[in-house]
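Next come the chains, spelled out residue by residue.
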Amino acid sequence: MEKANIKTLIVTGIPGVGKTTVINELSSILKVKGIQSFIANFGDYMLKTALTEGLVSSRDQIRKLPHRVQIRLQSLAARSIAEEARRKLIEGGIVLVDTHAIVKTSSGLWPGLPSHVVTELNPDVIVVVEASPEEIYRRQSEDRTRDRKDIQEKGIEEIKELLASARYAALSSAVLVGASVLHVLNERGKVKEAAESILRVIDTI
Ligand code: AMP
Ligand code: MG
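Note that the structure is a prediction, hence the values are computed from the model and not measured.

Definitions and limits used
Along each chain, residues carry numbers from 1 onward, in the same order as the chain's sequence is written. Ligands are numbered from 1 and chains lettered from A, in the order in which they are written. Under the rules for a predicted model, residues below a pLDDT of 70 receive no local features and side-chain atom pairs below 80 are neither given nor counted, while totals for whole chains, interfaces and linings still include all residues. For side-chain calculations, the full set of non-hydrogen atoms in the structure is used, while hydrogens and water are omitted. Helix numbering and strand numbering both begin at the N terminus, where a helix is a DSSP run of H or I of at least 4 residues and a strand a DSSP run of E of at least 2. Each radius of gyration is computed over the set of C-alpha atoms, and the globule rule expresses the reference value as 2.2 Å times the number of residues to the power 0.38. Burial here depends on accessible area, computed with a 1.4 Å probe over protein chains only, as a share of the maximum for the residue type. Under 20% is buried, over 50% is exposed, and the range in between is partly exposed. Throughout, a contact is declared for two residues whenever any of their heavy atoms are within 4.5 Å. Every accessible area reported is derived by Shrake-Rupley at a probe size of 1.4 Å, with residue values counting cover from the shown protein chains alone. Just to be clear on terms, a salt bridge is a Lys or Arg side-chain nitrogen sitting within 4 Å of an Asp or Glu carboxyl oxygen. Axis definition: a line fit to C-alpha positions, over the contact stretch in the case of helices; interaxial angles, taken between N-to-C directions, run 0 to 180 degrees. Any angle from 65 to 115 degrees is called roughly perpendicular, while one under 35 is roughly parallel, one over 145 is roughly antiparallel, and all others are oblique. Helix crossings are classified by the rotation of the near helix relative to the far one: an anticlockwise turn of less than a right angle makes the crossing left-handed, while a clockwise turn makes it right-handed. Lys, Arg, Asp and Glu make up the charged group, whereas Ala, Val, Leu, Ile, Met, Phe, Trp, Tyr, Cys and Pro make up the nonpolar group; the residues left over, Gly among them, are polar. Near residues are defined by distance, with any heavy atom within 4 Å of the molecule or strand qualifying the residue. As used in this structure description, the phrase polar contact means that two N or O atoms lie within 3.5 Å; if the pair is within protein, one of them must be able to donate a hydrogen and the other to accept it, and residues adjacent in sequence are counted only when both atoms belong to side chains. A pair of strands counts as paired when DSSP detects no fewer than two bridges linking them.

Novice: Is there a simple way to think about the overall build of the protein in this case?
Specialist: Looking only at helices and strands, one finds seven helices and seven strands in the protein. Secondary structure elements of the protein, listed N to C terminal, follow the sequence β-α-β-α-α-β-β-β-α-β-α-α-β-α. In summary, the protein has a C-alpha radius of gyration of 16 Å against a globular reference of 17 Å for 205 residues, a match within 12%. Looking at the protein as a whole, 50% of its 205 residues qualify as buried. Excluding contacts between residues fewer than 6 apart, the proportion of contacts in the protein whose partners are at least 24 apart in sequence is 76%. Split by element, the accessible area of the protein, about 10,100 Å² in all, is 53% carbon and sulfur.

Novice: Teacher, can you tell me more about the environment of Gly-16 here?
Specialist: Looking at where Gly-16 falls in the secondary structure, it is placed in the loop between β1 (6-12) and α1 (19-32). On the accessibility criterion, Gly-16 (13% relative accessible area) is buried. C-alpha separation for the pair Gly-16 and Glu-142, spaced 126 residues apart in sequence, amounts to 9.7 Å.

Novice: Just checking my understanding: could you explain the pattern of salt bridges for this structure?
Specialist: Opposite charge on two side chains permits them to pair, given that their charged atoms come into close proximity. For the coordinates displayed, the defined rule picks out 13 salt bridges. For Asp-60, the salt bridge is made with Arg-63, and the minimal N-O distance between the two is 2.8 Å. Taking relative accessible area as the criterion, Arg-63 reaches 10% and is therefore assigned buried. Taking the relative accessible area as the measure of exposure, Asp-60 reaches 4% and is therefore buried.

Novice: Teacher, can you tell me more about the packing of helix α5 (residues 133-142) against helix α6 (residues 156-177) here?
Specialist: For any two helices packed against each other, one specifies the crossing angle of their axes together with the interaxial distance. Running from N to C, α5 and α6 cross one another at 110°; their axes reach a closest spacing of 9 Å. Judged by the inter-axis angle, α5 sits roughly perpendicular to α6. Like other packed secondary-structure pairs, α5 and α6 cross with a definite hand, here right-handed. In this structure, α5 uses Pro-133, Glu-134, Ile-136, Tyr-137 and Gln-140 to contact α6, whose residues at the interface are Ile-156, Ile-159, Lys-160 and Leu-163. Residue composition of the contact of α5 with α6, grouped by class: six nonpolar, one polar and two charged.

Novice: Would you explain the site of ligand 1 in this entry?
Specialist: Every one of the 13 residues lining ligand 1 counts as a neighbour, but Arg-59, Gln-74, Thr-99, His-100 and Gly-112 are closest to it. A distance of 3.1 Å is found between an oxygen atom of ligand 1 and a side-chain nitrogen or oxygen belonging to Arg-63. Within the side chain of Arg-146, an N or O atom sits 3.0 Å from an oxygen atom of ligand 1. Contact with the protein chains hides 96% of the accessible area of ligand 1, taken as 480 Å² for the molecule alone. Sort the elements by how many residues they give to the shell around ligand 1 and helix α2 (residues 42-52) lands first, with three residues. The residue inventory of the shell around ligand 1, partitioned by class, reads five nonpolar, five polar and three charged.

Novice: Looking at this structure, I do not really get the sheet that holds β1. What am I missing?
Specialist: Strand order in this open sheet of five strands is β2-β3-β1-β6-β7, and the pairing throughout is parallel. Across the chains shown, the open sheet's two edge strands, defined by having one partner strand only, are β2 (37-41) and β7 (180-185). The mean inter-strand angle of the sheet, taken between neighbouring strand axes irrespective of direction, is 20°. For β1 and strand β3 (residues 93-98), the ladder comprises six bridges, and the chain directions are parallel. If you follow Val-11 over to β3, its bridge partner there is Asp-98. Against the sheet, helix α3 (residues 67-88) touches β1, β2 and β3, its axis set at about 160° to β2. Contacts from helix α7 (residues 191-202) reach β1, β3, β6 (125-130) and β7 within the one sheet, and its direction differs from that of β7 by about 160°.

Written as structure tokens, this is what we have:
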């Protein structure tokens, strides 16, 4: 994405940290300030193609597809998001991409932001949203709309490992494009604080 008057933030975090909630809160704050934002949920873009091609019937099946299929869907999603952001933010604004730095697939841990993706999106900042492992475990278990059993097979220990891997992965992706990495704690009942800490960083870009 061109840097001119668009600021791009890739918001990552393991399932259940509350990325989507933090992004929505941030977008409302930006709106009040008269700043235009474009939210792109990466999984939505992958799902749209996967559904059209009859590859899956729900979003939690995407990470179980053959690895090469996922890479193709991932690449298409990145390109569509970059194009749509340019179209939607002609006057400039903030792009917020809701996605993952690491995805637990059937073939192992896989980067959500490999070079072809991160180069296309060209972020200024990669945000890593985090929460306590216990809180994440609880949110994953209580979310009946999703099938995330595979990512908490080993309980809290697995969540701790994923949190660590997510940090390393975000940093590795940031290195590819010179983005900064921001860790944001999304504590229970403190989503506004989390969004505001991202907002402060947007002002420094
Ligand atoms: P989410 O609703 O954010 O959990 O996204 C749904 C699914 O989309 C994830 O479980 C992944 O299979 C896929 N997905 C999202 N972002 C990426 C990415 N950057 N790279 C690869 N797969 C992704
Ligand atoms: Mg989400």
